[in-house]
Number of protein chains: 2
Amino acid sequence: MNVTVRGRAQPFRTVTFDVKTNSVRLIEQRLLPHEFKIIGTRDFRETARAITDMIVRGAGAIGATAAYGLAQGALAFRGTDLGKFRNHIEIVHKTLGTARPTAVDPLNAMQQVLRAMSKGETIAEKQSLALAAAEEFANEDVQHCAEIGWHGAKLIRHGMNILTHCNAGWLAFVDIGTATAPLYAAQGQGKRFHVFCDETRPRSQGATLTAWELAQQKIPHHIIADNAAGHLMQRGEVDLVIMGSDRVLGRTGEVANKIGTYTKAVLAARHKIPFYVAIPLSTIDWNLKRGFDIPIEERHEGEVLGAWGIVSTPNSELRTPNLTQRAYVRVANPASPARNPGFDVTPAELITGIITPAGIFQPKELWKHRRKLGFAH
Amino acid sequence: MNVTVRGRAQPFRTVTFDVKTNSVRLIEQRLLPHEFKIIGTRDFRETARAITDMIVRGAGAIGATAAYGLAQGALAFRGTDLGKFRNHIEIVHKTLGTARPTAVDPLNAMQQVLRAMSKGETIAEKQSLALAAAEEFANEDVQHCAEIGWHGAKLIRHGMNILTHCNAGWLAFVDIGTATAPLYAAQGQGKRFHVFCDETRPRSQGATLTAWELAQQKIPHHIIADNAAGHLMQRGEVDLVIMGSDRVLGRTGEVANKIGTYTKAVLAARHKIPFYVAIPLSTIDWNLKRGFDIPIEERHEGEVLGAWGIVSTPNSELRTPNLTQRAYVRVANPASPARNPGFDVTPAELITGIITPAGIFQPKELWKHRRKLGFAH
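Read on for a plain summary of the structure.

Calculation notes
Residues numbered from 1 in each chain as written. Chains lettered and ligands numbered in written order. Predicted model: local features only at pLDDT ≥ 70, side-chain atom pairs only at ≥ 80, totals over all residues. Heavy atoms only, no water. Helix = DSSP H or I, 4+ residues; strand = E, 2+ residues; numbered from the N terminus. Expected span 1.5 Å × (residues − 1). Buried < 20%, exposed > 50% of the residue type's maximum accessible area, 1.4 Å probe, protein only. Arc of directions from axis to C-beta. Contact = heavy atoms within 4.5 Å. Buried area = accessible area lost by both parts, 1.4 Å probe. Salt bridge = Lys/Arg side-chain N within 4 Å of Asp/Glu carboxyl O. Polar contact = N/O pair within 3.5 Å; in protein donor to acceptor, adjacent residues only side chain to side chain. Nonpolar A, V, L, I, M, F, W, Y, C, P; charged D, E, K, R; others polar. Pairing = 2+ DSSP bridges. Axes fitted to C-alpha atoms, helices over the stretch in contact; angles between N-to-C directions. Least-squares fit on C-alpha atoms with pLDDT ≥ 70 in both.

**Side note on helix 4 (residues 105-117) of chain B**
Residues and elements named next belong to chain B.
Here is step 1: If you check helix 4, its first and last C-alpha atoms are 19 Å apart, about what 13 residues at 1.5 Å a residue would give, namely 18 Å.
Here is step 2: Buried within helix 4 are the following residues: Asp105, Pro106, Ala109, Met110, Val113, Ala116 and Met117. For helix 4, the arc enclosing every buried residue in end-on projection is 120°, short of the 170-degree limit, so these residues lie on one face.
Here is step 3: Of the surrounding elements, those touching the buried residues of helix 4 are helix 2 (59-75), helix 3 (82-97) and helix 5 (123-152).

**Details of the interface of chain A and chain B**
Here is step 1: With 76 residues of chain A at the interface, the matching set in chain B holds 76 residues.
Here is step 2: Between chain A and chain B lies a buried interface of about 6,200 Å² when both sides are counted; carbon and sulfur atoms form 58% of it.
Here is step 3: For the chain A face of the interface with chain B, the top three residues by lost area are A:Asn227, A:Arg330 and A:Arg339, together amounting to 12%.
Here is step 4: Linking chain A to chain B there are six salt bridges.
Here is step 5: Of the charged contacts in the structure, one is a salt bridge between A:Arg339 and B:Glu237, with a shortest N-O distance of 3.0 Å.
Here is step 6: Inspection of the region where chain A meets chain B yields 33 residue pairs in polar contact (both at pLDDT 80 or more).
Here is step 7: Elements represented by at least two residues in the side of chain A that touches chain B include exactly helix 7 (205-216), strand 8 (221-224), helix 8 (229-234), helix 9 (261-270), helix 10 (302-305), strand 14 (306-312), strand 15 (326-330) and strand 16 (343-346) of chain A.
Here is step 8: Tallied by class, the residues present in the side of chain A that touches chain B amount to 40 nonpolar, 24 polar and 12 charged.

**Considering the sheet that holds strand 4 (residues 23-27) of chain A**
All names here are of chain A.
Here is step 1: If you trace the three strands from one edge of the open sheet to the other, you get 3-4-5, paired in antiparallel fashion. Since the sheet does not close on itself, it has two edges, and those belong to strand 3 (15-18) and strand 5 (38-41), each with one partner. Between one strand axis and the next, the sheet turns by 30° as a mean value, whatever way the strands run.
Here is step 2: Bridge count between strand 4 and strand 5: four bridges; the pairing is antiparallel. Residue pairing in the sheet places arginine 25 in a bridge with glycine 40 of strand 5.
Here is step 3: Where helix 2 (residues 59-75) meets the sheet, its contacts fall on strand 3, strand 4 and strand 5, and the angle it forms with strand 3 comes to roughly 15°.

**Quick look at the relation of the copies chain A and chain B**
Here is step 1: Mapping chain A onto chain B is achieved by rotating through 180° and translating by 0.0 Å along the same axis, at an RMSD of 0.0 Å. Viewed as a symmetry operation, the transformation between the two copies matches a two-fold axis.
Here is step 2: A shared binding surface is used by both copies, with 100% of the interface residues of chain A retained as interface residues in chain B.

**Re the sheet that holds strand 16 of chain A**
All names here are of chain A.
Here is step 1: An order of 13-10-11-16 is seen for the four strands of this open sheet, with the pairing classed as mixed. Edge positions in the sheet fall to strand 13 (284-285) and strand 16, since each of these pairs with one other strand and no more.
Here is step 2: Inspection of the sheet shows strand 11 (residues 255-258) paired to strand 16 by four bridges, in the antiparallel sense. For valine 255, the partnering residue across the bridge sits in strand 16 and is threonine 346.

The structure is reproduced here in C-alpha cells:
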C-alpha cells in the first residue's frame, strides 16, 4: 500500500527482500504511528530478533519474514560442503522457528521454502530455490489478500459506514491485509465510504496501526473508544462490520480474535448489521472441535493499567511528534490489579459470513466446503 | 467512606463544611488515584471555581458543594443592611449556579437553601438557616445513598462477581455513592464478593476513581479493559451488573449513562445476567417522553486520542508515584480524528431493576409508582 514519504505517496510492502545486501527489509512497526521507518536485517539472527521484538507482527507478515530469513541464511553460506550447508540451514530454521514460539505461520512458511530447496542439487541451486520460494510465499500472501479484497468489496456500497477492530491490515500481512482488503479494493473501484476504527484497548492497535494505514490510503475514518460502537449502531451510524481473526474453527465456524470482537458481534446481531470476518485459508483450524478449547492468553496487567504514547497535550496537533517523548503512563489506581484476556471467541450464529480468497462462506458451512477451502484430509 | 492516611483508615465525606474557617472542604479529585488531598475553599468564588475546574464532580457532590457554597457566601456577609444582603446572596447564587452550566443539581440544592433562608427574619437568622439547610442537603444525600445500599445489598450473594462501569461511587456523591452503595452495604453485612471495574475509556473513571475507592474499602477487585466484559460473561465470570445513571426517564424506564453502559446491558441480557441501575430520586426525569431526545454530549476528541497518567513503566509498582511526572500521552495516529460521544441510552427491556432509596422497581413501572417516587404533579 502507499505511504506518503516527504510529500509523495510511494508503494511499500510490510516485508521485502534486498538481494544486493542480502537483507530482509521491514517496516519498523513499533515506531508507528509516530514514525515511518524501514529497517534492514543484516543476517538471519537479526531477522529472528525482529520477529521476537515485534518490529514485525501479524500472521502473514511474520510468515514472510521467516521465509525470507531462511533464504537470507541460505544465501549467506560460503563453501561447497553440502553437509555443512545442511547443518547451517538447520540452525537457521531453528533460530527463526523459535522467534515467536506460539505462532504457526513462520513454521508453515519455512516448510514451503525447505520443500523447494530439497529440489536443488548444488548449494547454489538450493540457495536460488530458497529465495524464489520465499518470494513466492510473499507473493501468494499478497494474492490471497487481493482475492479477499475482490470478494469482500462486493459487500461495500457507496456511502457506507464500516466498523473495524484491532489491526488485520496490510501491516499484519505482506500487503493489503485481510479485514482491510475489502476497503482498499472498494476504494480502488471508486466507492466512497467511511470507517470507524475501534481504539482496541488495551494495546490500541486500532487507534495506532489501522488508523495510520487508513490515513495513508486517504480513506475517511474516525477513531472511537471501544465503548462507543454500541451507541453508534443504535443511532444507525454503522452499516457493516469487518474484522480479522487469529483462528477460525472449520468444524463449528467459531472465530477467535482480539478481545472485544465478541462484544461487537453481539451488538451487530442485535442491530441486524452484517458482521464479516476476513481470513486467508491458513487461519482455518480443521482439527479443534469447540471454541471453548481455544486457549485464551492472559496478558500482562500493565497493558490494562496504562498506555503508551508521546508525551503531549490533548489539544496539540502533533504534526512533528517528539519521539524522545515516547513514554508509558500509568493511568489506573496504583494499588489495583487488572485482568487482561487477550482474545475472545465469537459463535458462528453471530457471524454473517467468512470472507476468504476462495469466496464468502457462512461460518457453519466451512466444513461442507472444506475441500474447496484447502482441507487436504 | 474510609481512606487510609498514614497507615490509618479514617472516614471522609467528599464534601464537608468547616464553620471555624468558613470554608468548604473537598477531596481534590483531579489528583486521584495518585494522591489523596483535602483542599479548603476560602470563599464562594473559590467554591464555584472548584466545581468548574472539576476538583469536585458527580451529581450529589456538586449539589452539596453549591449548597455549602451558598451558606459560605451568606456567612461571609458583614453588615446589617438586609437589602445589601439580598443583593450579595443573588451574586453568590449566580456565581455558583453558572459554575457547571449543564448540571441541574447545584440549582436544586441551592433552591433548598434559599427556601430555608426565607424563613429567617434577621441576617443572622438567615445565615444560620442557610448553613443548617446545606448540612441537611448533604445529610439527605448520604441518607438516600444509604437507602440505595440497603435495598441493593439484598441482590448480592456471597462469592458473587459484580461488574460496574465508570464511577457512580462515593466520590460522585457526599458519601457511599449509588452504584457502589450496595457493595459497601453488603460488605458491612459480612458478605464477601469480587468486583470487575470497567476501565471506562476514554476518561478511565473506572480504572482511576472506582478502583481507588474499592481499594480504600478493601473490596477485592480487578480492572478490565472495556473490551473484556463480554468474554468474562461468556465464561460465567460475571453474576451481577450494577451501574449508576445521569438521567432515568420516568415515563419509559430508559437510562442515560456513561458511554459503554448500553453495550454492557446488551451483553448482560444475552447472558441472562441481572443488570441493575442505582439512582437517587432526583435522577428521574418525569418530563421527557423518549430516550432518543436526551442530548448526547460529543466531547473533545483528545480524550479518545490519548490518556492521562503518571510517566512510569508497565512493570513498576508505583507505590510512591512521582506526581511531577503526570502527563498526557497521545496514543493514536496523529493525523486521525476521533468521535467521542460521552453518554448512551439503554432501553428499559435490558434493565432488570432500578435501585432507588424507595426500593427496587422495574424500569417500566416507574410511572405507575410515580407518587411514591416523588413525582409531585
